[in-house]
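Residue-level structure breakdown
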Amino acid sequence: MADAVPAVDELPLEIEEFLVWLSSERGRSRNTIQAYRRDLRGYHRWLHERGSDPLGATHADLTAFVAERHASGSAPSTVARQIAALRMLHRYLATEQYRPDDPTARLDGVRVPSGIPKPLTEAQIASLLDAVIGHEPLHLRDRALLELLYGTGARISEIVGLSVGDIDFDEALVRVYGKGGKERIVPYGSAAERAIDDWFSPSGRARLVPDRWKRRDDAEAVFLNQRGGRLSRQGAWLVIKRYGERAGITEHLSPHVLRHSCATHLLDHGADLRIVQEMLGHASISTTQVYTKVSQERLWEVYRMAHPRAVAS
């Protein structure tokens, strides 16, 4: 009985091959692969407890599994991601002839509430950035981090993954690697330029450099933590949360909200939708178009407040 635990936690070879295929052939990010691995480990364990496995799972098994996910109180977005993982796995298993059928073919999806995070106003962004007061290395780092996140609209994983060689200091450009390792060049404004210059001054990053690097990759990192290692996504989240609280921003604040705010403000000021698509690294223009709705709603809000004939008296 003691030998059963490792057998459950260790994924079958066909699932490991599927995850390798996702990474190498479909270009899915490391974070996506890790999320799918967690989901599929839970699925494999659930099947094992019922005397089955992914090669023998039926449509009834899949339906029961999804029903249990709902009953557990999981968020619709989480269940939707898990279903996506199962669909891709079983489609792969059928295509590669590990099994003759795809039991997810008639599996119902999950309706995820539509909508995107509410962007911050330009005044709120100014308050957030002004909340970074001080000239110690961490103050300089945090100011540069926030300015670069808002100035480029990049994902948090893209920013903390930056290496020094990815920044063109003369042209104020940054090279980021998006989903699937796709590279794009994004400009950043004068405010971010000043903050980055301060961070790379002798008073900033240099003072966090350790006597000896723990990892070679840390030596190239743009943003360092207090111990001289590469700043993590979690560490960057805490920076945003800390200054959001200082600025009195009570709405839900996250790196993704800064990304949405950047895109919305660009459109508010007349940026072309295609340019915003390229800047954010969206594969499809339809993904970028969600911001036009936000921008139009903001336009109507300003119009109703400012135009003397907007509201009937």
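Whatever comes next refers back to the structure up there.
Report follows, based on the coordinates. (Residues numbered from 1 in each chain as written. Predicted model: local features only at pLDDT ≥ 70, side-chain atom pairs only at ≥ 80, totals over all residues. Heavy atoms only, no water.)

1. Thoughts on the pattern of salt bridges
This model, assessed by the stated rule, comprises 13 salt bridges. Where D218 meets R215, a salt bridge forms, and the shortest distance between an N and an O atom there is 3.3 Å. Residue classification places D218 among the buried residues on the basis of a relative accessible area of 2%. The structure contains a network of salt bridges with shared partners spanning E49, R50 and E68. (Salt bridge = Lys/Arg side-chain N within 4 Å of Asp/Glu carboxyl O. Buried < 20%, exposed > 50% of the residue type's maximum accessible area, 1.4 Å probe, protein only.)

2. Considering unusual backbone geometry
The backbone of Q97 sits at a positive phi, close to 60°, despite the residue not being glycine. Structurally, Q97 can be placed in the loop between helix 5 (76–95) and helix 6 (122–130). Unusually for a residue other than glycine, A172 sits at a positive phi of about 55°. Mapped onto the elements, A172 comes out in the loop between strand 1 (167–168) and strand 2 (173–177). Residue classification places A172 among the buried residues on the basis of a relative accessible area of 9%. (Helix = DSSP H or I, 4+ residues; strand = E, 2+ residues; numbered from the N terminus.)

3. Digging into the pairing of strand 3 (residues 183–187)
A regular strand places its side chains so that they alternate between the two faces of the sheet. Covered by surrounding structure in strand 3 are R184 and V186 only, the residues E183, I185 and P187 on the alternate face being uncovered. As paired strands, strand 2 and strand 3 are joined by 5 bridges and run antiparallel to one another. Counted as the bridge partner of R175 is I185 from strand 3. In textbook terms, the turn of a hairpin is the stretch between consecutive antiparallel strands, and for strand 2 and strand 3 this stretch comprises 5 residues, one of which, G180, has a positive phi near 75°. (Pairing = 2+ DSSP bridges.)

4. Digging into the nonpolar core
Formed by 44 residues in total, the largest nonpolar core has its most connected members in L145, L146, I159, Y188, F223 and L258. Listed by contribution, the elements that provide at least two residues to this core are helix 6, helix 7 (137–152), helix 8 (156–160), strand 2, helix 9 (190–199), helix 11 (233–246) and helix 12 (255–268). The biggest single contributor to this core is helix 7, with 7 residues. Excluding its chain neighbours within four sequence positions, the residues that come into contact with F223 are R141, A144, L145, L148, I159, W199, G229, R230 and L231. By size, the runner-up hydrophobic cluster in this structure holds 24 residues, among which are W46, F65, L93 and L107. (Core = buried A, V, L, I, M, F, W, Y, C linked by side-chain atoms within 4.5 Å. Contact = heavy atoms within 4.5 Å.)

5. Overview of helix 4 (residues 59–71)
The end-to-end C-alpha separation of helix 4 is 18 Å, in line with the 18 Å expected for 13 residues at 1.5 Å each. For helix 4, the set of buried residues is L62, F65 and V66. The arc enclosing the buried residues of helix 4, seen along the axis, measures out at 95°, which places them on a common side. Seen from the open side of helix 4, the exposed residues pointing more than 90 degrees away from its buried face are A60 and A71. Among the structural elements, helix 3 (30–49) and helix 5 are those in contact with the buried residues of helix 4. G73 occupies a position one or two residues after helix 4 and carries a positive phi of about 90°. (Expected span 1.5 Å × (residues − 1). Arc of directions from axis to C-beta.)

6. So, the packing of aromatic side chains
Within the structure shown, the criterion is met by 8 aromatic pairs. On the basis of an interplanar angle of 40° and a centroid distance of 5.3 Å, the ring pair of W21 and Y92 is categorised as tilted. A residue pair is termed long-range when its members are at least 10 positions apart, and W21 in helix 2 (residues 13–24) and Y92 in helix 5 qualify at 71 residues. Taking relative accessible area as the criterion, W21 reaches 24% and is therefore assigned partly exposed. Using a relative accessible area of 9% as the deciding quantity, one classes Y92 as buried. An aromatic cluster is defined as three or more aromatic residues linked by ring pairs; in this entry it consists of F18, W21, Y92 and Y98. (Phe/Tyr/Trp six-rings, centres within 6.5 Å; stacked < 30°, edge-to-face > 60°.)

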